[in-house]
Amino acid sequence: MTQPQDHPTIQWWRTRSAMPPAMAVAIPLNAESLRELCLAAGADDVGFVEIDRPELADQRADILAAFPKTKTLISFVCRMNQENVRTPLDRSPIRNFMPVVKRSITLAVPLWND
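All of the points below concern the structure found in this document. (Residues numbered from 1 in each chain as written. Predicted model: local features only at pLDDT ≥ 70, side-chain atom pairs only at ≥ 80, totals over all residues. Heavy atoms only, no water.)

This brings us to the nonpolar core. Formed by C38, A43, V46, C78, V100 and L107, the largest nonpolar core amounts to six residues. Residue contacts for A43: discarding those within four places in its chain leaves C38, F76, V77, R103 and L107. (Core = buried A, V, L, I, M, F, W, Y, C linked by side-chain atoms within 4.5 Å. Buried < 20%, exposed > 50% of the residue type's maximum accessible area, 1.4 Å probe, protein only. Contact = heavy atoms within 4.5 Å.)

Have a look at this one:
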């Protein structure tokens, strides 16, 4: 089994992180502006959690290993139709989850790249 650090995406991210930052105007971020950005990108709801919360103790090391400068985590929600999941006629509920997963990924990637 290969190690996570050997994955091409991890290698790309580490190479990118080692590059000097691009010339850009620093914009101070606050919860309200981040919330508006996430909602404009398509999230139905947004929440923020500081990395130092005791409830995240078991995940903190992994998060900081991947993103060492993390101070706050963003959690966003995308709604889906409950009735499609609850119906006994649908033998493959994953078909109902996939559009929401794709929407979540589409929403997260631009936020991550900014």
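On the surface, a cluster of nonpolar side chains totalling about 310 Å² of accessible area is made up of M98, V101, I105 and V109. Position of V109 among the secondary structure elements: in helix α5 (residues 94–113). (Patch = residues over 30% accessible without salt bridge, like charges linked within 9 Å, V, L, I, M, F, W, Y side chains within 5 Å. Areas by Shrake-Rupley, 256 points an atom, 1.4 Å probe, with all protein chains shown as cover. Salt bridge = Lys/Arg side-chain N within 4 Å of Asp/Glu carboxyl O. Helix = DSSP H or I, 4+ residues; strand = E, 2+ residues; numbered from the N terminus.)

Here we come to the side chain of T70. Among the secondary structure elements, T70 is positioned in the loop between α3 (57–66) and β2 (72–77). Look at T70 and you get buried, because its relative accessible area is 17%. Discounting residues that sit within four places of it in the chain, T70 has contacts with I51, I63 and L64.

With respect to the secondary-structure elements, L56 resides in the loop between β1 (45–50) and α3. Residue classification places L56 among the buried positions, given a relative accessible area of 12%. If sequence neighbours within four positions are ignored, L56 has contacts with V49, E50, I51 and L73.

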